[in-house]
Amino acid sequence: MDQSERLAALEARLAAAERRLGEVADVQAIERLQHQYGYYLDKCLYEEVVALFAREPEVRFLRGIYRGREGIRRLFLGRFTKRWSGGRNGPHHGHMLDHPQLQPVITVAPDGATARGRFRTLMMLGVHESAAGTHEAGTFQRWESALYENTYVREDGAWRIQVLELRHAWLCTYEQGWAHSPIWEDYVSVRYPEDPDGPDEISDSDWRMWPDTRVLPFHYPHPVTGEWVRPATGAVPE
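Residues numbered from 1 in each chain as written. Predicted model: local features only at pLDDT ≥ 70, side-chain atom pairs only at ≥ 80, totals over all residues. Heavy atoms only, no water.

Enumeration according to the criterion identifies 19 salt bridges in this entry. A salt bridge links Glu-165 to Arg-167; the shortest N-O distance between them is 2.8 Å. The same class applies to Glu-165 and to Arg-167, which are both buried. Through salt bridges that share partners, Glu-58, Arg-60, Arg-67, Glu-165, Arg-167 and Glu-201 make up one connected network. (Salt bridge = Lys/Arg side-chain N within 4 Å of Asp/Glu carboxyl O. Buried < 20%, exposed > 50% of the residue type's maximum accessible area, 1.4 Å probe, protein only.)

A separate point is the packing of aromatic side chains. Within the structure shown, the criterion is met by 10 aromatic pairs. Relative to Tyr-174, the ring of Trp-143 has its centre 6.5 Å away and its plane inclined at 25°; by these criteria the two rings are stacked. With Trp-143 in strand β6 (residues 140–155) and Tyr-174 in the loop between β7 (158–173) and β8 (201–202), this pair connects stretches of sequence that are 31 residues apart. On the basis of relative accessible area, Trp-143 is assigned to the partly exposed category, the value being 24%. The class of Tyr-174 is exposed, set by a relative accessible area of 53%. Over the ring of Tyr-187 we find Arg-63; its NZ or CZ atom is 3.9 Å from the centre of that ring. Between the NZ or CZ atom of Arg-74 and the centre of the ring of Tyr-192, over which it lies, the distance is 4.0 Å. (Phe/Tyr/Trp six-rings, centres within 6.5 Å; stacked < 30°, edge-to-face > 60°. Helix = DSSP H or I, 4+ residues; strand = E, 2+ residues; numbered from the N terminus. Lys NZ or Arg CZ within 6 Å of the ring centre and 35° of its normal.)

Ranked by internal contacts, the top residues of the largest apolar core, which has 40 residues, are Val-59 and Phe-76. Going through the elements one at a time, α1 (3–42), α2 (46–50), β1 (53–61), α3 (68–84), β4 (101–108), β5 (114–127), β6 and β7 are the ones with two or more residues in this core. Among residues more than four places away in sequence, those in contact with Phe-76 are Leu-41, Tyr-46, Val-49, Val-50, Phe-53, Val-59 and Thr-81. (Core = buried A, V, L, I, M, F, W, Y, C linked by side-chain atoms within 4.5 Å. Contact = heavy atoms within 4.5 Å.)

In C-alpha coordinates form, the structure reads like this:
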(Lines give C-alpha, C1' and ligand atoms only; values in the text may rest on other atoms or scores of the structure.)
Protein backbone atom coordinates (compact mmCIF):
# COMPACT_ATOMS: atom_id res chain seq x y z
CA MET A 1 0.00 0.00 0.00
CA ASP A 2 1.54 3.30 -1.06
CA GLN A 3 1.26 6.59 0.79
CA SER A 4 -1.83 7.81 -1.11
CA GLU A 5 -3.64 4.54 -0.39
CA ARG A 6 -2.74 4.74 3.29
CA LEU A 7 -3.98 8.33 3.40
CA ALA A 8 -7.28 7.35 1.73
CA ALA A 9 -7.75 4.48 4.18
CA LEU A 10 -7.07 6.80 7.13
CA GLU A 11 -9.55 9.36 5.82
CA ALA A 12 -12.19 6.64 5.43
CA ARG A 13 -11.61 5.49 9.01
CA LEU A 14 -11.84 9.06 10.31
CA ALA A 15 -15.08 9.64 8.38
CA ALA A 16 -16.56 6.43 9.81
CA ALA A 17 -15.52 7.46 13.33
CA GLU A 18 -17.10 10.89 12.87
CA ARG A 19 -20.37 9.32 11.71
CA ARG A 20 -20.38 6.97 14.69
CA LEU A 21 -19.64 9.80 17.14
CA GLY A 22 -22.41 11.83 15.56
CA GLU A 23 -24.86 8.96 15.98
CA VAL A 24 -23.87 8.52 19.65
CA ALA A 25 -24.38 12.24 20.25
CA ASP A 26 -27.78 12.07 18.54
CA VAL A 27 -28.90 9.12 20.67
CA GLN A 28 -27.85 10.97 23.83
CA ALA A 29 -29.65 14.14 22.73
CA ILE A 30 -32.88 12.25 21.98
CA GLU A 31 -32.76 10.37 25.27
CA ARG A 32 -32.22 13.68 27.07
CA LEU A 33 -35.15 15.23 25.19
CA GLN A 34 -37.47 12.37 26.18
CA HIS A 35 -36.37 12.58 29.81
CA GLN A 36 -36.96 16.33 29.84
CA TYR A 37 -40.46 15.68 28.47
CA GLY A 38 -41.07 13.30 31.39
CA TYR A 39 -39.93 15.81 34.00
CA TYR A 40 -42.12 18.59 32.58
CA LEU A 41 -45.10 16.22 32.37
CA ASP A 42 -44.60 15.29 36.05
CA LYS A 43 -45.27 18.87 37.13
CA CYS A 44 -48.03 19.70 34.64
CA LEU A 45 -45.75 22.11 32.77
CA TYR A 46 -47.75 21.58 29.62
CA GLU A 47 -46.62 24.76 27.85
CA GLU A 48 -43.05 23.47 28.18
CA VAL A 49 -44.12 20.03 26.94
CA VAL A 50 -45.72 21.48 23.79
CA ALA A 51 -42.54 23.47 23.08
CA LEU A 52 -40.59 20.19 22.74
CA PHE A 53 -42.53 19.20 19.61
CA ALA A 54 -41.67 19.75 15.96
CA ARG A 55 -43.46 22.28 13.77
CA GLU A 56 -45.85 19.62 12.40
CA PRO A 57 -46.41 17.26 15.36
CA GLU A 58 -48.80 14.44 16.10
CA VAL A 59 -49.82 12.75 19.36
CA ARG A 60 -51.64 9.41 19.58
CA PHE A 61 -53.31 8.93 22.94
CA LEU A 62 -56.05 6.46 23.98
CA ARG A 63 -57.03 5.99 20.30
CA GLY A 64 -57.28 9.75 19.70
CA ILE A 65 -55.00 11.33 17.07
CA TYR A 66 -54.11 14.97 17.70
CA ARG A 67 -52.48 16.72 14.74
CA GLY A 68 -50.52 19.95 14.40
CA ARG A 69 -49.69 22.52 17.05
CA GLU A 70 -53.35 23.29 17.59
CA GLY A 71 -54.21 19.63 18.05
CA ILE A 72 -51.58 18.92 20.68
CA ARG A 73 -52.44 22.15 22.50
CA ARG A 74 -56.02 20.87 22.83
CA LEU A 75 -54.66 17.73 24.46
CA PHE A 76 -52.03 19.17 26.79
CA LEU A 77 -53.41 22.66 27.43
CA GLY A 78 -57.06 21.60 27.24
CA ARG A 79 -57.77 18.07 28.41
CA PHE A 80 -54.76 17.60 30.70
CA THR A 81 -54.68 21.12 32.15
CA LYS A 82 -58.36 20.99 33.09
CA ARG A 83 -58.05 17.52 34.61
CA TRP A 84 -54.71 17.73 36.39
CA SER A 85 -53.61 21.31 37.05
CA GLY A 86 -56.71 23.33 37.82
CA GLY A 87 -56.76 25.08 34.44
CA ARG A 88 -53.29 26.61 34.67
CA ASN A 89 -49.75 25.70 33.66
CA GLY A 90 -47.92 24.09 36.56
CA PRO A 91 -48.44 21.65 39.43
CA HIS A 92 -51.65 21.54 41.43
CA HIS A 93 -51.68 20.96 45.21
CA GLY A 94 -52.37 17.35 46.06
CA HIS A 95 -52.05 15.96 42.50
CA MET A 96 -49.26 13.47 41.82
CA LEU A 97 -48.24 12.48 38.26
CA ASP A 98 -44.80 10.87 38.12
CA HIS A 99 -43.79 9.74 34.60
CA PRO A 100 -40.27 8.22 34.63
CA GLN A 101 -38.94 7.44 31.15
CA LEU A 102 -37.33 3.97 31.12
CA GLN A 103 -35.65 1.36 28.88
CA PRO A 104 -34.76 3.59 25.90
CA VAL A 105 -34.10 1.99 22.51
CA ILE A 106 -33.24 4.72 19.99
CA THR A 107 -32.52 4.24 16.29
CA VAL A 108 -31.17 7.15 14.24
CA ALA A 109 -31.80 7.09 10.48
CA PRO A 110 -28.68 6.87 8.27
CA ASP A 111 -29.15 10.46 7.07
CA GLY A 112 -29.24 11.74 10.67
CA ALA A 113 -32.43 13.73 10.00
CA THR A 114 -34.96 11.51 11.79
CA ALA A 115 -34.98 8.88 14.52
CA ARG A 116 -37.27 6.43 16.29
CA GLY A 117 -37.42 5.76 20.01
CA ARG A 118 -39.12 3.20 22.24
CA PHE A 119 -39.53 3.94 25.95
CA ARG A 120 -41.49 2.55 28.86
CA THR A 121 -43.11 4.60 31.61
CA LEU A 122 -44.39 3.31 34.95
CA MET A 123 -46.65 6.10 36.16
CA MET A 124 -47.68 6.82 39.74
CA LEU A 125 -50.63 9.16 39.90
CA GLY A 126 -53.36 10.14 42.28
CA VAL A 127 -55.00 12.80 44.40
CA HIS A 128 -54.30 13.39 48.09
CA GLU A 129 -57.23 13.43 50.49
CA SER A 130 -56.61 17.12 51.17
CA ALA A 131 -57.37 17.82 47.49
CA ALA A 132 -60.27 15.40 47.04
CA GLY A 133 -62.61 18.09 45.77
CA THR A 134 -60.28 19.17 42.96
CA HIS A 135 -60.57 16.08 40.76
CA GLU A 136 -63.58 14.30 39.27
CA ALA A 137 -62.45 10.99 40.82
CA GLY A 138 -61.89 12.42 44.29
CA THR A 139 -59.10 10.83 46.32
CA PHE A 140 -57.34 7.89 44.64
CA GLN A 141 -53.93 6.32 44.03
CA ARG A 142 -53.16 4.41 40.86
CA TRP A 143 -50.41 2.73 38.85
CA GLU A 144 -50.23 2.94 35.07
CA SER A 145 -47.79 1.31 32.66
CA ALA A 146 -47.41 2.47 29.07
CA LEU A 147 -45.08 2.28 26.07
CA TYR A 148 -43.90 5.05 23.78
CA GLU A 149 -43.00 4.47 20.14
CA ASN A 150 -41.97 7.95 19.04
CA THR A 151 -40.57 9.62 15.93
CA TYR A 152 -38.09 12.48 16.22
CA VAL A 153 -36.92 15.02 13.66
CA ARG A 154 -33.97 17.39 13.56
CA GLU A 155 -35.19 20.98 13.14
CA ASP A 156 -32.96 24.07 13.20
CA GLY A 157 -30.06 21.94 14.41
CA ALA A 158 -31.90 20.39 17.38
CA TRP A 159 -33.97 17.26 17.93
CA ARG A 160 -37.73 17.64 18.43
CA ILE A 161 -40.60 15.17 18.99
CA GLN A 162 -42.51 14.74 15.74
CA VAL A 163 -44.86 11.85 16.58
CA LEU A 164 -45.56 10.79 20.15
CA GLU A 165 -47.44 7.49 20.35
CA LEU A 166 -48.40 6.43 23.87
CA ARG A 167 -49.96 2.98 24.31
CA HIS A 168 -51.19 2.12 27.79
CA ALA A 169 -50.37 -1.46 28.78
CA TRP A 170 -52.16 -1.67 32.12
CA LEU A 171 -53.53 0.33 35.01
CA CYS A 172 -54.70 -0.56 38.49
CA THR A 173 -55.41 0.89 41.89
CA TYR A 174 -52.62 0.78 44.45
CA GLU A 175 -54.89 -1.12 46.84
CA GLN A 176 -55.93 -3.97 44.52
CA GLY A 177 -53.01 -4.31 42.10
CA TRP A 178 -52.87 -5.47 38.49
CA ALA A 179 -54.48 -8.86 39.14
CA HIS A 180 -57.72 -6.96 39.67
CA SER A 181 -57.35 -4.30 36.98
CA PRO A 182 -60.60 -2.92 35.59
CA ILE A 183 -61.34 -3.68 31.94
CA TRP A 184 -60.63 -0.24 30.52
CA GLU A 185 -63.17 1.08 28.02
CA ASP A 186 -62.75 4.85 28.44
CA TYR A 187 -60.91 5.40 25.16
CA VAL A 188 -61.17 8.74 23.37
CA SER A 189 -64.26 8.55 21.15
CA VAL A 190 -65.45 12.11 20.40
CA ARG A 191 -63.64 14.29 17.89
CA TYR A 192 -63.05 18.01 17.80
CA PRO A 193 -65.06 20.29 17.60
CA GLU A 194 -67.87 18.26 19.18
CA ASP A 195 -65.45 17.83 22.06
CA PRO A 196 -63.53 21.14 22.41
CA ASP A 197 -60.52 19.18 23.73
CA GLY A 198 -60.98 16.25 21.38
CA PRO A 199 -58.69 14.77 18.74
CA ASP A 200 -58.69 15.46 15.03
CA GLU A 201 -59.28 11.78 14.32
CA ILE A 202 -60.21 8.55 16.10
CA SER A 203 -57.81 5.71 15.32
CA ASP A 204 -59.17 2.43 14.01
CA SER A 205 -56.70 0.61 16.27
CA ASP A 206 -58.23 -2.06 18.50
CA TRP A 207 -55.43 -1.77 21.06
CA ARG A 208 -56.55 -2.86 24.52
CA MET A 209 -54.93 -2.94 27.94
CA TRP A 210 -54.23 -5.80 30.31
CA PRO A 211 -55.43 -8.52 30.64
CA ASP A 212 -55.02 -8.26 26.85
CA THR A 213 -51.31 -8.87 26.12
CA ARG A 214 -50.88 -7.77 22.52
CA VAL A 215 -47.50 -6.30 21.53
CA LEU A 216 -46.85 -2.77 20.31
CA PRO A 217 -44.80 -3.38 17.11
CA PHE A 218 -41.07 -2.76 17.43
CA HIS A 219 -39.52 -0.09 15.22
CA TYR A 220 -36.29 -2.10 14.95
CA PRO A 221 -35.33 -5.62 13.76
CA HIS A 222 -33.81 -8.19 16.10
CA PRO A 223 -30.23 -7.04 16.80
CA VAL A 224 -28.71 -10.53 16.36
CA THR A 225 -30.83 -12.27 13.71
CA GLY A 226 -31.76 -9.15 11.75
CA GLU A 227 -35.32 -10.48 11.50
CA TRP A 228 -38.45 -8.46 12.28
CA VAL A 229 -40.18 -9.82 15.37
CA ARG A 230 -43.75 -10.66 14.37
CA PRO A 231 -45.90 -11.35 17.44
CA ALA A 232 -49.37 -12.70 16.74
CA THR A 233 -50.98 -9.34 17.47
CA GLY A 234 -48.21 -7.09 16.20
CA ALA A 235 -46.99 -6.16 12.75
CA VAL A 236 -43.90 -5.08 10.85
CA PRO A 237 -43.76 -1.26 10.90
CA GLU A 238 -44.17 0.56 7.62
